[in-house]
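Chain residues, written in single-letter form:
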Amino acid sequence: MTGLLYFLQQPWRWPLLKAPKLANGVSISLTDSNPLVAIIFKTLHPLTPWMEQSLGPYLALSYLMQPIAAVFALRGTGCRDIGSAVAVALLSIGIPHIVAEPAEQALTGHFVVLTAFGLYFRLVRHSQTSLRLLVALSTLSIACLLIHPYLMLMVLAVFGAGVLTPLLRGQWPAAAASSCALGMTLLAIRLLARMIGLDAVQPNHVALYPLLLRDFLGPVVRLVPRWTWISDSLPGVDAGVAYAGAGLIVMPAVLLLFAQVRSQLIAAIRNHCGLLLAVLALTVGATEGHVIANWLRYFSLVHVADTVDQFRVSLRLIWPVLDLAMLGCVRFAVFTRWRSWLLAFGVTVQLLDTEQLRADARLALSWEATPFTTEQARFDARLDGATALQLEPMLACEPQLVWRYAQLAYLAARHNIAVNDAYFSRQPRAVSCPEQREQLGPHPLLVTRRDGVVTVIDGAAF
């Protein structure tokens, strides 16, 4: 919301997405501000001048489209059963990473990935390539760059599967047509990235995104005492975003007990080898090749791809793997006599397991409607007439205070004054946090103001 508000208050200019007062002029394409929605919202803003952000409408669209896209993807596999459609729709709204990411509103638009799966299954269904489907996949991939780079990488992986699958099947004309479409799409993305400032970001090598076994299995492991040796999240790691949900953990285990399901799974893998390779590539990219349990690294693959690192490879890239597991569970359940019972059980367990996540999401979304605390109101008044807000230490130095610092930056955006925090530009930290702390002295003032610059020494006070 901070990036969007800065973008909304500036006149139209070039580069289009640059916000001069945010972190020394960073592009809002690097602030999770959903540039596509920001451009549309700014265009329509003269009609709705009382609205400061578009979070509500976009979230409503995302949550509405999620089950629709899930059904679209399932029907792409050839499954037309009404009961299965209802099951996959309910499972899709109970996927933890959908309900647990309201603060990063762009990522709630995960329906684009399910849409890409639906297009892929239709694309490879016949030996003849559909130009209409290739155009749809290309358009979706390019649009995702303006929504969030993570979503773009996920959709591009599915697009790549549309090339590999016909290639491995020996369908050369179809593979050639898909390759040309993918190549043109990548070129368009490269040009668009340069136009919006994404190619200017410096590689960030400070983040670690390992696959934490306990986070992946989530609360389920706590039901089995002997599994408690699996350690919780490592400090500073972006954890919990890869949790599949209890339903999507239990259902595959039960389905694999049926011989018919196992035979159908083997046939599907042979028929969609390209898709399997694509999700494996996403898994490696998601974890940066690290697999950690009980604080020990069991597997590590060092990656040096700066282009990928510019997007800050995230464990969120494993989401399409979970989507595919969801589609597979519903699709293969039709080959059992207990289909209705299995689907009902899986959906019930999944929704119950994510009930608290949905409650937390509603609480997070209510933040904007919550009145200022006394400290925030007092700080907001101190920003009147100021020219800049200086956060020391920066947000990246104290991640445990992320919401407090984010609120201060949002207040600066409301006053349309400059804020320094480099976290929003996703660039390496320009200062050493411990050294900066030592320079502050034993008893620093919480807030100072000099020559129009308001400096915050300790964000924990707000």
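Thresholds, definitions, all that
- Residues numbered from 1 in each chain as written.
- Predicted model: local features only at pLDDT ≥ 70, side-chain atom pairs only at ≥ 80, totals over all residues.
- Heavy atoms only, no water.
- Patch = residues over 30% accessible without salt bridge, like charges linked within 9 Å, V, L, I, M, F, W, Y side chains within 5 Å.
- Areas by Shrake-Rupley, 256 points an atom, 1.4 Å probe, with all protein chains shown as cover.
- Salt bridge = Lys/Arg side-chain N within 4 Å of Asp/Glu carboxyl O.
- Helix = DSSP H or I, 4+ residues; strand = E, 2+ residues; numbered from the N terminus.
- Buried < 20%, exposed > 50% of the residue type's maximum accessible area, 1.4 Å probe, protein only.
- Contact = heavy atoms within 4.5 Å.
- Expected span 1.5 Å × (residues − 1).
- Axes fitted to C-alpha atoms, helices over the stretch in contact; angles between N-to-C directions.
- Parallel < 35°, antiparallel > 145°, perpendicular 65-115°, else oblique.
- Left-handed = near helix turned anticlockwise from the far one by under 90°.
- Nonpolar A, V, L, I, M, F, W, Y, C, P; charged D, E, K, R; others polar.
- Pairing = 2+ DSSP bridges.
- pLDDT = per-residue confidence, 0-100.
- Core = buried A, V, L, I, M, F, W, Y, C linked by side-chain atoms within 4.5 Å.
- Phe/Tyr/Trp six-rings, centres within 6.5 Å; stacked < 30°, edge-to-face > 60°.
- Lys NZ or Arg CZ within 6 Å of the ring centre and 35° of its normal.

Before going further, it helps to spend a moment on a nonpolar patch on the surface. Among the surface-exposed residues, Leu164, Leu167, Leu168, Trp172, Ile269, Leu276, Leu277 and Leu280 lie close enough to one another that they form a single nonpolar patch of about 720 Å² accessible area. Mapped by element, the contributors of at least two residues to the nonpolar patch are helix H8 (149-169) and helix H13 (273-287). By the secondary structure assignment, tryptophan 172 is in helix H9 (residues 172-196). On the accessibility criterion, tryptophan 172 (55% relative accessible area) is exposed.

Looking at the element boundaries, histidine 110 is found in the loop between helix H5 (96-99) and helix H6 (111-123). Among the residues examined, histidine 110 registers a relative accessible area of 0% and is labelled buried. Every residue in contact with histidine 110, bar those within four places of it in the chain, is listed here: Gln66, His97, Ile98, Leu151, Met154, Trp319 and Asp323.

This part is about H9. Counted at 1.5 Å a residue, the expected span for H9 with its 25 residues is 36 Å, and the 36 Å between its end C-alpha atoms agrees. The complete set of buried residues in H9 reads Ala174, Ala175, Ser178, Ala181, Leu182, Thr185, Ile189, Leu192, Ala193 and Ile196. Along its buried surface, H9 packs onto H6, helix H7 (131-145) and H8.

Once that is clear, we can look at the packing of helix H3 (residues 55-76) against helix H15 (residues 319-333). One can describe the packing of H3 onto H15 by two numbers: an axis separation of 10 Å at closest approach and a directional angle of 55°. In terms of orientation, H3 lies oblique with respect to H15. The handedness of the crossing between H3 and H15 comes out as right-handed. Only Met326, Leu327, Val330 and Arg331 of H15 make contact with H3, whose side of the interface consists of Ala70, Ala73 and Leu74. Of the residues in the contact of H3 with H15, the class split is 6 nonpolar, no polar and 1 charged.

Read from one edge to the other, the open sheet built from 4 strands follows the order E5-E4-E7-E6, with strand pairing classed as mixed. Each end of this open sheet is capped by a strand with a single partner; those strands are strand E5 (418-419) and strand E6 (447-450).

Low pLDDT marks stretches whose predicted atomic positions should not be read closely. Chain-level pLDDT for the protein chain is 76 on average; 71% of the residues reach the 70-or-more range. For the protein chain, helix H14 (residues 306-310) is the element with the lowest average pLDDT, namely 42, and H6 is the one with the highest, namely 95. For residues 200-217, every residue scores under 50 in pLDDT, and the model assigns this stretch 70 contacts once sequence neighbours within four places are set aside. In the predicted structure, residues 425-432 sits below a pLDDT of 50 and forms 22 contacts with residues beyond four places in sequence or in another chain.

By the bridge criterion, 2 bridges tie strand E4 (residues 388-391) to E5 in an arrangement that is parallel. The residue bridging leucine 389 from the neighbouring strand is valine 419, located in E5. Sheet analysis places E4 next to strand E7 (residues 453-456), joined by 4 bridges and oriented parallel. Pairing of alanine 388 across the sheet is with valine 453, part of E7.

This part covers the side chain of serine 178. Along the polypeptide, serine 178 turns up in helix H9. Excluding residues within four positions of it along the chain, serine 178 makes contact with Leu123, Thr129, Leu134, Phe159, Gly162 and Val163.

All right, on to the environment of valine 88 then. Of note, valine 88 is situated in helix H4 (residues 82-92). Here valine 88 falls in the buried class, since its relative accessible area comes to 0%. As a C-alpha pair, valine 88 and valine 347 span 259 residues in sequence and 8.3 Å in three-dimensional space. Apart from residues lying up to four places away in sequence, valine 88 is in contact with Ala70, Val71, Leu74, Met326, Leu327 and Val330.

Here we come to the nonpolar core. The tendency in soluble globular proteins is for nonpolar side chains to be buried as a group. Among the nonpolar cores identified, the biggest contains 107 residues, and Val112, Met326, Phe379 and Leu389 are the most heavily contacted of them. Of the residues forming this core, the biggest block, 11 residues, is contributed by H8. Filtering out sequence-adjacent residues up to four positions away, valine 112 remains in contact with Leu140, Cys144, Ile147, Leu151 and Val155.

According to the stated counting rule, one finds 3 aromatic pairs in the structure shown. Ring geometry for tyrosine 120 and phenylalanine 121: centres 5.2 Å apart, planes at 65°, overall edge-to-face. Like tyrosine 120, the residue phenylalanine 121 is buried in the burial classification. With a centroid separation of 6.4 Å and 35° between ring planes, the pair formed by phenylalanine 332 and phenylalanine 335 is classed as tilted. Its relative accessible area of 15% is what places phenylalanine 332 among the buried residues. Sitting above the plane of the phenylalanine 7 ring, lysine 42 keeps its charged end 4.4 Å from the centroid. For the cation-ring pair, lysine 42 lies above tryptophan 12, with the distance from its terminal atom to the ring centre recorded as 4.5 Å.

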